[in-house]
Structures are given as C-alpha cells and as structure tokens.
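What the coordinates show
Each chain, written out:
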2 protein chains.
Amino acid sequence: MAQRGQSDAAGRPPRAPAENAAEITTPMPAIGGNGMPAPGLRDRARAIPEAAVARLAVYLRVLSGMREQAVASVSSEELSAAAGVNSAKLRKDLSYIGSYGTRGVGYEVEVLIDQIERVLGLTREQSVAVVGIGNLGHALANYGGFPGRGFPVTALFDVDPDLMGVPVGGIPVDHIDDIPAVCAAREVTIGVIATPPAAAQAVCDRLVQAGVECILNFAPVVLQVPETVEVRKVDLAVELQILSFHVARRADHAPADDATPAPRVDGVAAPRGVVVRR
Amino acid sequence: MAQRGQSDAAGRPPRAPAENAAEITTPMPAIGGNGMPAPGLRDRARAIPEAAVARLAVYLRVLSGMREQAVASVSSEELSAAAGVNSAKLRKDLSYIGSYGTRGVGYEVEVLIDQIERVLGLTREQSVAVVGIGNLGHALANYGGFPGRGFPVTALFDVDPDLMGVPVGGIPVDHIDDIPAVCAAREVTIGVIATPPAAAQAVCDRLVQAGVECILNFAPVVLQVPETVEVRKVDLAVELQILSFHVARRADHAPADDATPAPRVDGVAAPRGVVVRR
DNA sequence: GCGACTTTGTGCCTACGTTCACAAGCGGCT
DNA sequence: AGCCGCTTGTGAACGTAGGCACAAAGTCGC
Ligand SMILES: NC(=O)c1ccc[n+]([C@@H]2O[C@H](COP(=O)([O-])OP(=O)(O)OC[C@H]3O[C@@H](n4cnc5c(N)ncnc54)[C@H](O)[C@@H]3O)[C@@H](O)[C@H]2O)c1
Ligand SMILES: NC(=O)c1ccc[n+]([C@@H]2O[C@H](COP(=O)([O-])OP(=O)(O)OC[C@H]3O[C@@H](n4cnc5c(N)ncnc54)[C@H](O)[C@@H]3O)[C@@H](O)[C@H]2O)c1
C-alpha cells in the first residue's frame, strides 16, 4: 500500500497535542476574601471563558496606560472603545472577576488593575526562560516589555558553544543541559521556545522535565506535552496566511465594485466603529 | 469629577478597532447578495469559519512536511493527530474547501496542499513589508521561513537615519516617507508593524494610505483602521499573561491534592493518542 | 431629601464552533 | 462479481461565546 503519513518518524510516545484553543476554563474566582456581593448565585464553578482571559490581558494593558495618564475612572463604554471590543462584552468579562464597578459612574482604574492582575496571577512574578538565542531569541531577551509587565527573563539557553556565557540583555546564556538546575534555581515558570523547529520537541521535553508547566512556542511545530502542561503557540506564518486568505476572499468577492484601492486618507473612514460617541 | 479615560489623547478620528477575534467569517457567497435578508433559509453559505482558516494553515504546514518525506496519502486520523486536533474537526475543516478525499483511503497529500493553498490565496505570492527594524524587525527580516512559505519580505522601513540603505536580510531599509512609493512598486500586500507602540498607529495609517489592506501588528496597542483593512495582532505579553493565568489557576485549584508537580519524565503521560474519549 | 439620570451587571436569545455518530462510497479480497 | 471493512463527509446535538436590552443600583442636581 502507499505509505501513509506518520506524524513523527521516531516512535514518540503519544502525548496530548497542544493547541492554543485549550481549555482555559476556570473554576470560581472565589478567593472569597472580599464582601462577596453574592447576587444569589451559588459559588459553583465560576469559570472564566477562554476568550475572556485573553481580553482581560488587553484591558489590563489599556488600563495601565490610563493610570499613567492619571486617569482615575472609566466607564465600560470608554474602556471598551479603547480596547476595541463591545461594551457589553467588556462588562461581562469584568463580571467574571467580580463586581468592582459603581453604577452610574464606572470603574476605578486602580481597582480594576488590581483585580485583573490578581485573576491573571500577576501578583506573583513569573520567571521566564528563553531557549534558542538566535534571531528571535535575541529580540526576546532584549525586549524590555516583559520585565515591565511582571515577566522577568531570568534564564537563556542554547547549544551553540560560541554563545555560552555571553550575556544577552544582561543575562548570560547557559547550555540546555543546565536547564534543570538553572530553571529550578531561578524558579522559572514559563519557558519560551525559539529554536529551529527540529529541536523544539526535544527542548520542550527538557523544559517539562525541569518542571516548567507553561510553554510559549515560536517554532512551527505541534508540541506534544503531558496534559499538565499548558502550551501556547505563536505561529507567524499562520498569521500571514490568515491575512492572505482575506486578501484572496476580498479579491474574488468584490471584483467589480470598489476598485478604488485608495482608502480614506488618514482614516476618517468607518465612522461607526465601536461607539466612541462623545 | 475625576477625569475619565480617554483612549487617545489626540482627537483621533474614530475608526473601527481591530482585534484578532475579528470576523474572519467569510461573508456568504452572495455575489448578488442584495436580494434580501433571506428570511429563514440560510443560503448555502460558502463561508469558512473563523477558526477553520487558522487550522487550515496548520494542516498545510504538516502536509508540507509529509510531502517532503514522500508521503503520498494520509487519513484524517493521521493528519489530525499530527496537527493536534480532533479528526472530526479536521474532516469538517477540509469539507469547507471541497471534497478531495477518497472514502476508505484518505487524502492525497499533494491534492490537499494544492487546495488549501488555493483557498488561502497562496497561489499568488504576498509581498511583505516590515516597518520598524529594531530587535524584532531584524529577526523578522532575517527569517527564512516567510519567503519559503510564499511571503517574500520585499521592503523594510524605519526612521532611524543610521539604518537608511543598510541591508537587512538582503533588503535595504527605506525611510517611512517612502512607504507609498516603495509599497506600490513592490506590490506589498501585507504590512508588519514592529515599531514602538507610540509609533504604531501613525505607521499603520501610512501603510493604509499606501493601500496595504492587511496588517500584522506586534506593537501592544489597539490599532484603529478602516473596516476594509484586516489587522491581526501578536501580543506576546498577552500570551504570557494567559499562561500566567493558568499557573495561578492550577496553584489555587489543586493545592492539596495532586501536589505532585513532577510531570512524567519524557512524556509518557496522556497515553491516549489523539482523540481518545471525549 | 428626592427624583432624574447614568451606568453597571446579567438574563435571555442568537450565532458560532465542536463533537458525535453514522450512512454513503470506495478499494480490495475472495 | 459481490461482499466487507475502512474512511470520508455531514446532519444533528451539544456547548460556548457574543450581544441586546433592561432592571438594579448608585450618583448628582436641585
Ligand atoms: N526569526 C523570526 O522572525 C521568526 C519568525 C517566525 C518563527 N520563527 C521561529 O522561531 C524559531 C527561531 O527562529 P530564529 O530565526 O531565531 O532562528 P535562528 O536560527 O536564528 O536561531 C535558532 C537558535 O537556536 C539554537 N539552537 C539550535 N538547536 C538548539 C537546541 N537543540 N537547543 C537549544 N538551542 C538550539 C541555535 O544555536 C540558534 O541560536 C524557529 O523555529 C523559527 O521557525 C522565527
Ligand atoms: N523585541 C521583542 O521581542 C518584542 C516582543 C513583544 C513585542 N514587541 C513589540 O514590537 C515592537 C518592536 O520591538 P523592538 O524590540 O524591535 O523595538 P526596538 O526599539 O528594538 O525597535 C524599534 C524600531 O522602530 C523604529 N522606529 C521608531 N519609530 C518609528 C517610526 N515612527 N516609524 C518607523 N520606525 C520607527 C526604531 O528606529 C527602531 O529601529 C514594540 O512595539 C514592542 O513592544 C517586541
């Protein structure tokens, strides 16, 4: 018979493949400390939906920007516009983490930031290790945006002998054989894989062995991990292909009409965006 | 009263904000669509669902790998395992683009590749421009994975005088003032923004003015664009925060029980292959 | 102190996406 | 030639997410 596809030539033990779509479902937020307005719902499984978590992170970023500008409070309308979402959706997202708004007024920026940080687990710093200090790894190691948001990059790994000990972004590169020791010592909780695709699975295995339970993968491969490990992937080629899909759709969807490729100069188009009245 | 949040200090004209969650949903085939809201009967919507498009890109990558290994055909079971999805989902995804399988046999790798490429619009090369040749921009410009997948990077832009004319990844950097001319000449269809956040919106506006209708944004800001423009964003901080959320959940969810953080060495966990129960 | 106004929080409904399960279709074997 | 087993393609069930619309709840003005 014709030979069939085989996902992996080596007889790798089957483990749960990981896609970003994994269940983020969360049980109750119930740290039960505060007053617990208790609208009458039982405290049973108050799960935060998948998509809501991602948006909370965006709200947090927007709110941080507002705080820097000394903004004290926002309405759901304003915040949603700034975050690019529907205001009802925003309110619902916020309701998942509790009731921290004041009717007729809005939300206090400071309070919202604290609460979102609490839910996202940002009260504790998450130490990050980057593996594969090539083009991308260098950029990541040098990026100041991570430490600034509670994700200090504390360890770098590679196999290239020339890189050993060389500091990148202030941190010396270690050999991947040291992953267990270094990750343990620096309490790494998140591993970032920026190696060539062929090495990604092996690196992933090492990180998992070292106790890292969260992995951000830039290599275009589907990693196999135990189900206790959370993997998110960033695949730029896929992003580009999705954009390409839209180009194609648009091309054969409206071929005749709208031949004017010139979009409104400097925006001004799409006035009915998300609300933004006022 | 306390001042309220204001998404943008400048009186930027409101445009449609863009999130990745945006509608990828392909509008119905409705070429002559203006018939009426088609009450009740759903037209044979040839729409490919949001999520399916992203997965098709993944399937394509896996299939390419198989082709390289001279694999001639695959079953949905095999392909889905390699792509990390449920086999039923895979079949449904493939069904959106047509019926190219053979019952009792599977799919021909070659045929599937051609068809997915067709649907994703990869038959035509999509020229990419990168703006902001800093840490990240360099990595992107040097990355060989894009040209290899039909996305040649043909233009680079920055404002730094020291970078002008300097070739990165074989392409000389141009000034952003040249965006219109260069993008037109090189038929750029996709713009990648890798500038500091503060410059992102202005750069985006320029790209849009130049006729670029697809944008991949790495800056942590919500871009406002006309609705004719498709924006996808890659926000690494958000990815890390989502992972952090999982750490937090796990921590206060199973504190007593299952405290064994030791993951199975080298995998071996999750014995059930893909699919399995549920 | 009270009413009018503003904005939250959420019930409900719709749309979308995922999964199941199985009939239909095809190749190979006898 | 006909049957058998395998795999596709998809209808239907189920679950999740999105969005409207409104009652509840608080503030502000008078
Ligand atoms: N550069 C980009 O812009 C970009 C874009 C999208 C995806 N990616 C993906 O990110 C990954 C890294 O890309 P890059 O451009 O930085 O590649 P690169 O070749 O520049 O760097 C790879 C690094 O990994 C190291 N390495 C190789 N094998 C290793 C191993 N077994 N363990 C640890 N380190 C190892 C190499 O020494 C090198 O330093 C690749 O999988 C690539 O497909 C990169
Ligand atoms: N480096 C990373 O790993 C990383 C990770 C996540 C997000 N990001 C985001 O990606 C973006 C770029 O990050 P980076 O680390 O490469 O920054 P960087 O500072 O290294 O590079 C920014 C580049 O943009 C150029 N630039 C500044 N203003 C510009 C303008 N108006 N038009 C064109 N170019 C302009 C600068 O000259 C510089 O070359 C930032 O928004 C950052 O938040 C980067």
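Residues numbered from 1 in each chain as written. Chains lettered and ligands numbered in written order. Predicted model: local features only at pLDDT ≥ 70, side-chain atom pairs only at ≥ 80, totals over all residues. Heavy atoms only, no water.

Where we set the bar: UniProt positions are given in the numbering used here, feature names are shortened, and annotations may be inferred rather than shown by experiment.
For chain A, an unreviewed UniProt entry supplies the name Redox-sensing transcriptional repressor Rex and the organism Actinophytocola xanthii. Reading the Subcellular location (unreviewed entry) entry of the UniProt record for chain A gives the comment "Cytoplasm". One UniProt comment on chain A, placed under Function (unreviewed entry), says "Modulates transcription in response to changes in cellular NADH/NAD(+) redox state."

A word on the sheet that holds strand β7 (residues 167–168) of chain A
Residues and elements named next belong to chain A. Quick note on the threshold: If DSSP finds at least two bridges between two strands, the strands pair. Counting from the N terminus, the helices are the DSSP runs of H or I reaching at least four residues and the strands are the DSSP runs of E reaching at least two.
Pairing is mixed in the open sheet, where seven strands are placed in the order β7-β8-β6-β5-β9-β10-β12. Looking at which strands have only one partner, the edges of the open sheet turn out to be β7 and β12 (230–233). Note: strand β6 (residues 153–158) against strand β8 (residues 171–175), three bridges, orientation parallel. Looking at β8, one finds that Phe157 is bridged to Asp174.

Topic: the UniProt feature "domain: CoA-binding" (unreviewed entry) in chain A
According to UniProt, the feature "domain: CoA-binding" (unreviewed entry) maps to residues 121–222 of chain A in the numbering used here. Measuring from the first to the last C-alpha atom of residues 121–222 of chain A gives 26 Å, for a span that is 27% helix and 27% strand.

Here's the deal with the packing of helix α2 (residues 76–83) of chain A against helix α3 (residues 87–97) of chain A
A pair of packed helices can be characterised by two numbers: the angle between their axes and the separation between those axes. Residue and element names in this part refer to chain A. Applicable threshold: Axes here refer to lines fitted to C-alpha atoms; in helices the fit is confined to the stretch in contact. Angles between the N-to-C directions go from 0 to 180 degrees. Any angle that falls under 35 degrees is termed roughly parallel, while one over 145 is termed roughly antiparallel, one within 65 to 115 roughly perpendicular, and all others oblique. Contacts were defined at the residue level, with two residues in contact if any of their heavy atoms lie within 4.5 Å. Residues are sorted three ways: Asp, Glu, Lys and Arg are charged, Ala, Val, Leu, Ile, Met, Phe, Trp, Tyr, Cys and Pro are nonpolar, and all the rest, Gly among them, are polar.
Close contact between α2 and α3 brings their axes to 8 Å; oriented N to C, the two are set at 105 degrees. Of the possible angle classes, the one that applies to α2 and α3 is roughly perpendicular. Here Ser76, Glu77, Leu79 and Ser80 of α2 lie close against α3, whose contacting residues are Ser87, Leu90 and Arg91. A per-class count over the contact of α2 with α3 returns two nonpolar, three polar and two charged.

A few points about the packing of aromatic side chains
The description of two aromatic rings rests on the distance between their centres and on the angle between their planes. Note the cut-off: Two rings belonging to Phe, Tyr or Trp (six-membered ring only in the last case) form a pair when the distance between their centres is within 6.5 Å. Interplanar angles under 30 degrees mark stacking, angles over 60 mark edge-to-face geometry, and anything in between is tilted.
If you walk through the whole model with that rule in mind, you get two aromatic pairs over all chains. Between the aromatic rings of Tyr143(B) and Phe146(B), the centroid separation amounts to 4.7 Å while the plane-to-plane angle is 85 degrees, which identifies the pairing as edge-to-face.

Some remarks on the pairing of strand β6 (residues 153–158) of chain B
Residues and elements named next belong to chain B. Just so we agree on the cut-off: Buried, partly exposed and exposed residues are distinguished by accessible area as a fraction of the type maximum, computed with a 1.4 Å probe on protein chains only: under 20%, between the cut-offs, and over 50%, respectively. Call a crossover right-handed when, viewed with both strands pointing away from you, the route from the first strand across the helix to the second goes clockwise.
Within β6, five of the six residues are buried, which leaves the element mostly enclosed by the surrounding structure. Pairing geometry for strand β5 (residues 127–131) and β6, over four bridges, is parallel. Bridging across to β6, Ala129 finds its partner in Ala155. Running through helix α5 (residues 135–142), the crossover from β5 to the neighbouring parallel element β6 is right-handed.

Focus: the pattern of salt bridges
This is how the line gets drawn: When a carboxyl oxygen of Asp or Glu is within 4 Å of a side-chain nitrogen of Lys or Arg, the pair counts as a salt bridge.
Here the structure, examined in full by the defined rule, presents 12 salt bridges over all chains. Asp177(A) is paired through a salt bridge with Arg206(A); the nearest N and O atoms lie 2.7 Å apart. Here Asp177(A) is found in the loop between β8 and α6 (179–185), whereas its partner Arg206(A) is found in helix α7 (residues 197–209), with 29 residues between them in sequence. The partly exposed category is assigned to Asp177(A), whose relative accessible area is 48%. A salt bridge links Arg186(B) to Asp174(B), with the nearest nitrogen and oxygen atoms 3.7 Å apart. Of the two residues, Arg186(B) sits in the loop between α6 (179–185) and β9 (188–193) while Asp174(B) sits in strand β8 (residues 171–175), which places them 12 residues apart along the sequence.

What about the environment of Ala141(B)?
As for its position among the elements, Ala141(B) is in helix α5. C-alpha of Ala141(B) to C-alpha of Pro152(B): the two residues are 11 residues apart in sequence and 9.7 Å apart in space.

Considering the site of ligand 1
Convention followed: For this description, a residue counts as near a given molecule or strand if any of its non-hydrogen atoms is within 4 Å of it. Pairs of N or O atoms within 3.5 Å make up the polar contacts considered here, provided that, within protein, one atom can donate a hydrogen while the other can accept it, and that residues adjacent in sequence are counted only when both atoms are side-chain atoms.
Taken together, 23 residues form the shell around ligand 1, and within it Asn135(A), Leu136(A), Asp158(A), Thr195(A) and Tyr143(B) come nearest. More than a single chain frames ligand 1: its nearby residues are located in chains A and B. A distance of 3.5 Å separates an oxygen atom of ligand 1 from a polar atom in the backbone of Gly134(A). Contact between ligand 1 and Leu136(A): an oxygen atom at 2.8 Å from a main-chain N or O atom of the residue.

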